[in-house]
Amino acid sequence: MFLGANAHSSRLAPWAATRCRAEHTRTVKYDSIAPACSTDRLRGIPRNFDLLRLVLRGDARSRICLRNEFGIRQCLSVRHRPHHRCPHASSWLAVSEWGRTAICRGRSERSFSLRVQWHEQRRVGLHHKRHQWCVDASARFAIPRRLYLSFCNRDPKGRFAYVANAGSNNVSGFAINSMTGALTPVPGSPFPADVNPHSVAVDPTGRFVYVADANSNDVSAYTLNTTTGGLTPVPGSPFSMGAAPGFSVSVDPTGRFLYVPSVVPSSNLWGFTVDTGTGALTAIPGFPYPSGSGADWAGVHPSGQYVYVGNNYSGDVSAFLVDSANGALTLVPGSPFPADPGANPRGLAINKTGRFVYVMNESASNISGFSVNTTTGALTLVSGSPFLSGGTDTTSMTTTSPVALNFPIKSDKIHCKGGGCTPMTVNISAVFDHRQTSPYSKGQMVEDYRGEVGQCNPSNPNQQLRSPVLSISSAGYAQSSGAPFTVNGNYSGGASPSKTLICGSSTVGPSTASNLFLFYGGHPGYDYPFSFHTGVYPAVSGCVSYQIAAAGGATVNQANYHVLAIIPSSTPPLNGCQGVTSQTGYVVFYLHLASYVGPDGKTIMVCPSLPKNGSTTCSNAIVCKTCPPEGTWVSVSAPQPIAYVGNFALTGKGGSGIWGGVSTHLHFEVDQMPTLTATPVPLDPYGWWPTTPALPDPYSTSHMGVVNTWLWQ
């Protein structure tokens, strides 16, 4: 988000006052920062501050700022009120007096040792004999003076925010207070950049920060300290572009590619591959890619399939198709797409579902909206476009999401690239099969949402093997080129190496790399290979049920697969969850859980460690205190897991599910269910974004009226 050149603030006061050194702090609240940098609450931050020494002056008003060992900063406004009680006193501060008086600047002061506790009430009294100091908690923040603040971005976990300072050639970093949204400078901030940094981006793994430097024709790259938020230059940084960057720098959702537009000396789009280990940048062969005139702003589609560029001088939008293997670009047929005639597109925004692209027309002060063709990436002006912005010099924009899906696992250092889990950083072991005619059908051909096809073809040397799953009828299949599957850029496949069989026989073949096989025929969801007892969170706000069967038939239920369903509802239903219907038309399912409905039919139990394979019960099961019972409404921002990853499944016809029936993983599934009695029709939450332009979705052919679209936040 652009913050105007007139943004200023006062000098930051000391984080804790010392005797005879208490300083007043004037603060400026930047309302325009909040939409770009606000975030959900962080988890796991201790509620108690360190033991700190305060000096309180007998002024009418003073202001003290404290910070704990995690960098969380809280400011206190102090008012001297003799002989009066402070309103709303609480245990927010537990105070013990040192009983010492000092004289500073001709005024009496008192020293206190404080243990500050984070509670809801904001006002307390510091009791001292006949006097009180009334203390108000403040959620405002202060940042250094004389900075030309250009752009703000935050890390994907919402812990830190970064601002490119064009006037001072550096980058400011802030820790985000998870309770109030207040910003505190991280240690070492601001960090040096090159000349005239215009924009900043944090990669989706939360490990690297990139800054486009307009007057030095390069991109500065930093490693982000995930504990402190500090930035360290990546070896080799800054990385030359050979042209002046425009007003954006964008990293694709997989964290593998970075794109920057340029205006001077010519209008182009520059592309780099990202070294996912070091963060270093390497120019993509064939760069730069010609764009329209005045390429100011670029954005990567949430699927990573397309890049769109707003062209300020030519009044249009260029669209590029991304090669998922190397990040190379080709123009989408029909590109560029005209915006408002005579306008000057500058800012560009893509909504979270990937269905719409918007550009801000600076001279006309209006907004052009485009719908995205999910098959080709082409743009079509939406009805009524352009739309008046209601202001002047419209240059930037952001969008909010409808009810959409958050990834249900927060973090995992083994299975999520960079540790933070998103739909594009997580390992996938089995994909949604776009070739399925029904759930778990055995078509011996699998197609992912990028249009990659795996099958058995004895006449092709690359496709003479299959990799079995559970039985020889469910398997993984190779693609005709013999190359690994990319899927979301982080595809892992099953176990590595994978066992194989010769197609059409039971003859054992050589073991080979698991990502050479696309698993598996008729799969109606996604398998993520998390470890046993990994905490699972709500992917969407809604009502929890253990009574609904997922796609695949009535047997795909709680008893056989430990199924938990969430019926989307953005707010708690007024009459409770009984009989509620989905606000979105779909229901979210988790399968194979280690948490489940206990023998009494009500209590939710959890198995804390791997049970013996083949057993039907967990001998050391305990009550799951954070798992919601039937009919409970849960929020997507729930602080505790609502379920746990397991390996429970039915392995054959009849009987019941057993522990170890599948390898340990989370099966995540989204089923179209306009009513809860309707037959579930599986949906792909990743949508359909084929690498080959104009390739039709085979799933829509076999399921009339069903359109797979991006459902993630």
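Residues numbered from 1 in each chain as written. Predicted model: local features only at pLDDT ≥ 70, side-chain atom pairs only at ≥ 80, totals over all residues. Heavy atoms only, no water.

Draft legend 1. View of the environment of Gly294. Residue position: Gly294 is located in the loop between β23 (289-290) and β24 (295-300). Residue Gly294 is classed as buried on the basis of its relative accessible area of 0%. Ignoring sequence-local partners within four residues, the contact set of Gly294 consists of Val263, Ser267, Gly310, Asn311, Asn312 and Tyr313. (Helix = DSSP H or I, 4+ residues; strand = E, 2+ residues; numbered from the N terminus. Buried < 20%, exposed > 50% of the residue type's maximum accessible area, 1.4 Å probe, protein only. Contact = heavy atoms within 4.5 Å.)

Draft legend 2. Summary view of unusual backbone geometry. Each neighbour pair has its own omega, and for Ser237 with Pro238 the value is 0 degrees, a cis peptide bond. With respect to the helices and strands, Pro238 occurs in the loop between β16 (231-233) and β17 (239-240). A cis amide bond, omega -25 degrees, links Phe519 with the succeeding residue Tyr520. Of note, Tyr520 is situated in the loop between β40 (518-519) and β41 (526-528). One non-glycine residue, Asn196, lies in the positive phi region at around 60 degrees. Note on placement: Asn196 falls in the loop between β12 (191-192) and β13 (197-202).

Draft legend 3. The state of the cysteines, seen in detail. Evaluated as defined, the whole model comprises 5 disulfides. The disulfide that involves Cys543 links it to Cys577, with 2.0 Å between the sulfurs. Here the disulfide of Cys543 and Cys577 is left-handed, its torsion about the S-S bond being about -75 degrees. Separated by 34 residues along the polypeptide, Cys543 in strand β43 (residues 542-545) and Cys577 in the loop between β44 (564-568) and β45 (586-591) bring together distant segments of the chain. This pair shows no difference in class: Cys543 is buried, exactly as Cys577 is. (Disulfide = S-S within 2.5 Å.)

Draft legend 4. Up close: the sheet that holds strand β48 (residues 622-623). The strand order across the open sheet formed by 3 strands is β46-β47-β48, and the pairing between neighbours is antiparallel. The open sheet has two edge strands, β46 (595-597) and β48, and neither has a second partner. Across 3 bridges, β46 lies against strand β47 (residues 604-606) in antiparallel orientation. Looking at the pairing, Tyr596 lines up with Met605 of β47. (Pairing = 2+ DSSP bridges.)

Draft legend 5. Spotlight on the nonpolar core. Ranked by size, the top nonpolar core spans 86 residues in total, and within it Tyr308, Leu405, Tyr528, Phe530, Tyr590 and Tyr686 carry the most contacts. One finds Phe208, Ala221, Leu258 and Leu281 within the second-largest nonpolar core, a separate group that totals 19 residues. (Core = buried A, V, L, I, M, F, W, Y, C linked by side-chain atoms within 4.5 Å.)

Draft legend 6. Fine view of the packing of aromatic side chains. The tally for this structure, following the rule as stated, stands at 20 aromatic pairs. For the pair Phe407 and Tyr528, a centre-to-centre distance of 5.0 Å together with 80 degrees between the ring planes defines the contact as edge-to-face. Highlighted residues: Phe407 in the loop between β33 (387-388) and β34 (445-447) and Tyr528 in strand β41, separated in sequence by 121 residues. Taking relative accessible area as the criterion, Tyr528 reaches 0% and is therefore assigned buried. The structure contains a cluster of three or more aromatic residues connected by ring pairs, namely Phe407, Tyr449, Tyr526, Tyr528, Phe530, Tyr590, Phe668, Tyr686, Trp710 and Trp712. Sitting over the face of the ring of Tyr537, Lys410 holds its NZ or CZ atom 5.0 Å from the ring centroid. (Phe/Tyr/Trp six-rings, centres within 6.5 Å; stacked < 30°, edge-to-face > 60°. Lys NZ or Arg CZ within 6 Å of the ring centre and 35° of its normal.)

Draft legend 7. Layout of the pairing of strand β21 (residues 268-274). Most of β21 sits inside the fold, with 6 of its 7 residues counted as buried. With 6 bridges joining them, strand β20 (residues 257-264) and β21 adopt antiparallel strand pairing. Counterpart to Leu258 in the pairing with β21 is Phe272. A loop of 3 residues connects β20 with β21, the two strands running antiparallel in sequence. Pairing of β21 with β23 involves 2 bridges; the strand directions are antiparallel. Among the inter-strand pairings, Leu269 is bridged to a residue of β23, identified as Tyr289. Relative to strand β22 (residues 281-283), β21 is paired through 3 bridges, and the arrangement is antiparallel. Bridge assignment links Val274 to a residue of β22, and that residue is Leu281. The turn linking β21 back onto β22 is made up of 6 residues, and Gly279 within it adopts a positive phi angle of 90 degrees.

Draft legend 8. Quick look at the side chain of Ser303. The residue Ser303 is located in the loop between β24 and β25 (306-311) in this model. At 2.9 Å, the side chain of Ser303 forms a polar contact with the side chain of His301. Looking at Ser303, its side chain comes within polar contact range of the main-chain nitrogen of Gln305, at 3.1 Å. Residues within four places of Ser303 in sequence aside, it is in contact with Pro253, Met424, Arg450, Trp689 and Trp710. (Polar contact = N/O pair within 3.5 Å; in protein donor to acceptor, adjacent residues only side chain to side chain.)

Draft legend 9. Structural context of the confidence of the model for the protein chain. Confidence in the prediction for the protein chain averages 76 pLDDT; 74% of positions are at 70 or higher. Helix α1 (residues 34-37) is the least confidently modelled element of the protein chain, averaging 24 in pLDDT, while strand β50 (residues 643-644) averages 98, the highest of any element. For the stretch residues 391-402, pLDDT sits under 50, and the model shows 33 contacts to residues farther than four places along the chain or on other chains. (pLDDT = per-residue confidence, 0-100.)

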